[in-house]
Amino acid sequence: PGGTDTKFLAVSQGFVEVRPHGDVVVLANTAEVAGEIDIDRAEAARARAKELLSGKIASEEEYATVAAAIEKEFARVKIGRKHATHHRTSIGE
């Protein structure tokens, strides 16, 4: 409580609540700390999911599953890159 550390997380299929006094509650199927995200691996997973989406989709459920995978990997890449950029500028200061 009362800390000022900034943490970046990639969260999928869930909710994040920031409470009035700065407490944060994460209720999600997955939440990854940005520094632990392998950006190359996340980009490869996103490319595979996009490739699946461009192929024949059998049902709306399958489409939704693949679209959710693309969004998840996009979030991982975005947060991983943000952390890498933030980390580099913090070290250089």
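Overview of the structure. Here the structure is a predicted model, which means the values were calculated and not measured.

The rules we used
Residues numbered from 1 in each chain as written. Predicted model: local features only at pLDDT ≥ 70, side-chain atom pairs only at ≥ 80, totals over all residues. Heavy atoms only, no water. Helix = DSSP H or I, 4+ residues; strand = E, 2+ residues; numbered from the N terminus. Buried < 20%, exposed > 50% of the residue type's maximum accessible area, 1.4 Å probe, protein only. Contact = heavy atoms within 4.5 Å. Pairing = 2+ DSSP bridges. Lys, Arg positive; Asp, Glu negative; His and termini not counted. Salt bridge = Lys/Arg side-chain N within 4 Å of Asp/Glu carboxyl O. 1 Å grid on protein atoms, 1.4 Å probe; cavity = no way out; pocket = protein on both sides within 12 Å on 5 of 7 lines; lining within 4 Å. Points joined across faces, edges and corners; volume = space filled by probe spheres on them. Nonpolar A, V, L, I, M, F, W, Y, C, P; charged D, E, K, R; others polar.

**Regarding the overall build of the chain**
Here comes step 1: Within the chain, the regular secondary structure consists of two helices and two strands.
Here comes step 2: Starting at the N terminus, the α and β elements of the chain follow one another as β-β-α-α.
Here comes step 3: Here the chain, with 93 residues, has 17% of them falling under the buried criterion.
Here comes step 4: For the chain, the share of sequence-separated contacts (at least 6 apart) that also reach a separation of at least 24 residues comes to 49%.

**Section: the pairing of strand 2 (residues 24-33)**
Here comes step 1: Relative to strand 2, strand 1 (residues 9-18) runs antiparallel, the two sharing nine bridges. Opposite Val-18, over in strand 2, you have Val-24 as the bridge partner.

**Here's the deal with unusual backbone geometry**
Here comes step 1: In the Ramachandran plot, Gln-13 falls in the positive-phi region, its phi being about 50° despite a non-glycine side chain.
Here comes step 2: As for its position among the elements, Gln-13 is in strand 1.
Here comes step 3: Classification of Gln-13 by relative accessible area gives exposed; the value is 59%.

**Thoughts on the side chain of Arg-46**
Here comes step 1: Relative to the helices and strands, Arg-46 resides in helix 1 (residues 39-54).
Here comes step 2: Within the buried core, Arg-46 has no salt-bridge partner, and the shortest N-O distance to an opposite charge, that of Glu-43, equals 5.0 Å.
Here comes step 3: Beyond its immediate chain neighbours, meaning those up to four positions away, Arg-46 contacts Ile-70, Glu-73 and Phe-74.

**Notes on empty space enclosed by the protein**
Here comes step 1: The tally for this structure, following the rule as stated, stands at one cavity of 30 Å³ or more.
Here comes step 2: Roughly 40 Å³ of internal volume is contained in the largest cavity.
Here comes step 3: Forming the boundary of the largest cavity are Ala-10, Val-11, Ser-12, Thr-30, Glu-32, Lys-72, Ala-75 and Arg-76.
Here comes step 4: Among the elements of the structure, strand 1, strand 2 and helix 2 (60-92) are those that each provide at least two residues to the lining of the largest cavity.
Here comes step 5: Class assignment for the residues of the lining of the largest cavity results in three nonpolar, two polar and three charged.

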